[in-house]
Amino acid sequence: MKYKVFLTLIVAIFLIGLIGSIAVFTSGTKSNIRILSGGEEVYAADLSTAQDTTFDVESEGHINTVEIKDHQIRVAQADCPDQTCVHMGWLKSSGTPIVCLPHQLVIEFTDDTSDIDAVTR
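Residues numbered from 1 in each chain as written. Predicted model: local features only at pLDDT ≥ 70, side-chain atom pairs only at ≥ 80, totals over all residues. Heavy atoms only, no water.

Participant: Is there a simple way to think about the side chain of Thr110 in this case?
Facilitator: Tracing the chain through its elements places Thr110 in strand β7 (residues 105-110). For Thr110, a relative accessible area of 13% corresponds to the buried category. When sequence neighbours within four positions are dropped, the list of residues in contact with Thr110 reads Lys30, Asn32, Ile33 and Arg34. (Helix = DSSP H or I, 4+ residues; strand = E, 2+ residues; numbered from the N terminus. Buried < 20%, exposed > 50% of the residue type's maximum accessible area, 1.4 Å probe, protein only. Contact = heavy atoms within 4.5 Å.)

Participant: Explain the pairing of strand β4 (residues 62-69) here, please?
Facilitator: Consecutive residues of a regular strand have side chains that alternate between opposite faces of the sheet. The pairing of strand β3 (residues 53-59) with β4 spans 7 bridges and is classified as antiparallel. Considered in β4, the bridge of Glu58 is made with Ile63. Taking the residues between adjacent antiparallel strands as the criterion, β3 and β4 are bridged by 2 residues, where Glu60 takes a positive phi near 55 degrees. As paired strands, β4 and strand β5 (residues 72-78) are joined by 6 bridges and run antiparallel to one another. Note on β5: the bridge partner recorded for Glu67 is Arg74. Between β4 and β5, which pair antiparallel and follow one another directly, the connecting turn spans 2 residues, one of which, Asp70, has a positive phi of 50 degrees. (Pairing = 2+ DSSP bridges.)

Participant: Whenever I open this one, the packing of aromatic side chains confuses me. Can you help?
Facilitator: All told, the structure shown has 1 aromatic pair when counted by the stated rule. Taken together, a centroid distance of 4.7 Å and an interplanar angle of 40 degrees make the contact between Tyr43 and Phe55 tilted. On the criterion of sequence distance, the pair formed by Tyr43 in strand β2 (residues 40-46) and Phe55 in strand β3 is long-range, its members being 12 residues apart. (Phe/Tyr/Trp six-rings, centres within 6.5 Å; stacked < 30°, edge-to-face > 60°.)

Participant: What's the story with the pattern of salt bridges in this structure? I'm lost.
Facilitator: A pair can form between side chains of opposite charge whenever their charged atoms are brought close. By the definition in use, this model includes 2 salt bridges. Salt-bridge contacts for Glu108 lead to Arg34; the nearest nitrogen and oxygen are separated by 2.6 Å. On the criterion of sequence distance, the pair formed by Glu108 in strand β7 and Arg34 in strand β1 (residues 32-37) is long-range, its members being 74 residues apart. Owing to a relative accessible area of 29%, Arg34 belongs among the partly exposed residues under this scheme. For Glu67, the salt bridge is made with Arg74, and the minimal N-O distance between the two is 2.6 Å. Accessibility expressed as a relative area gives 27% for Arg74, which makes it partly exposed. (Salt bridge = Lys/Arg side-chain N within 4 Å of Asp/Glu carboxyl O.)

Participant: So what exactly am I meant to see when it comes to the sheet that holds β4 here?
Facilitator: Either a parallel or an antiparallel arrangement is found when strands of a sheet pair, and the pairing is made through backbone hydrogen bonds. Ordered in space as β3-β4-β5, the 3 strands form an open sheet in which the pairing is antiparallel. Two strands lie at the open edges of the sheet, namely β3 and β5, each paired on one side alone. Taking each pair of neighbouring strands and ignoring which way they run, the sheet shows an average axis angle of 30 degrees. (Axes fitted to C-alpha atoms, helices over the stretch in contact; angles between N-to-C directions.)

In structure tokens:
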């Protein structure tokens, strides 16, 4: 009897976690992005209205080339040794930002372009 209750509880927790993960990773309705370099915001835009462009983000002598094309954003080139940020491809969901650890670069979706956070509204 205890085994069935325990097994049911584990399955329920697993399903709740799975549903939550799917909800986070498939929420692609956001279009506001920001680029952080060294913890400082260096660029913010609304991808739904952004023009196709390519620009460099420099941090301590290192360069990441960021591309906005067809209302999507990615790191097109970087001079870091592992190229993880380049291989991440286009930014798809708010659950998985594009990160370049050697250059301290983060490209992520944001909820809003205003300075009001979710706690204080």
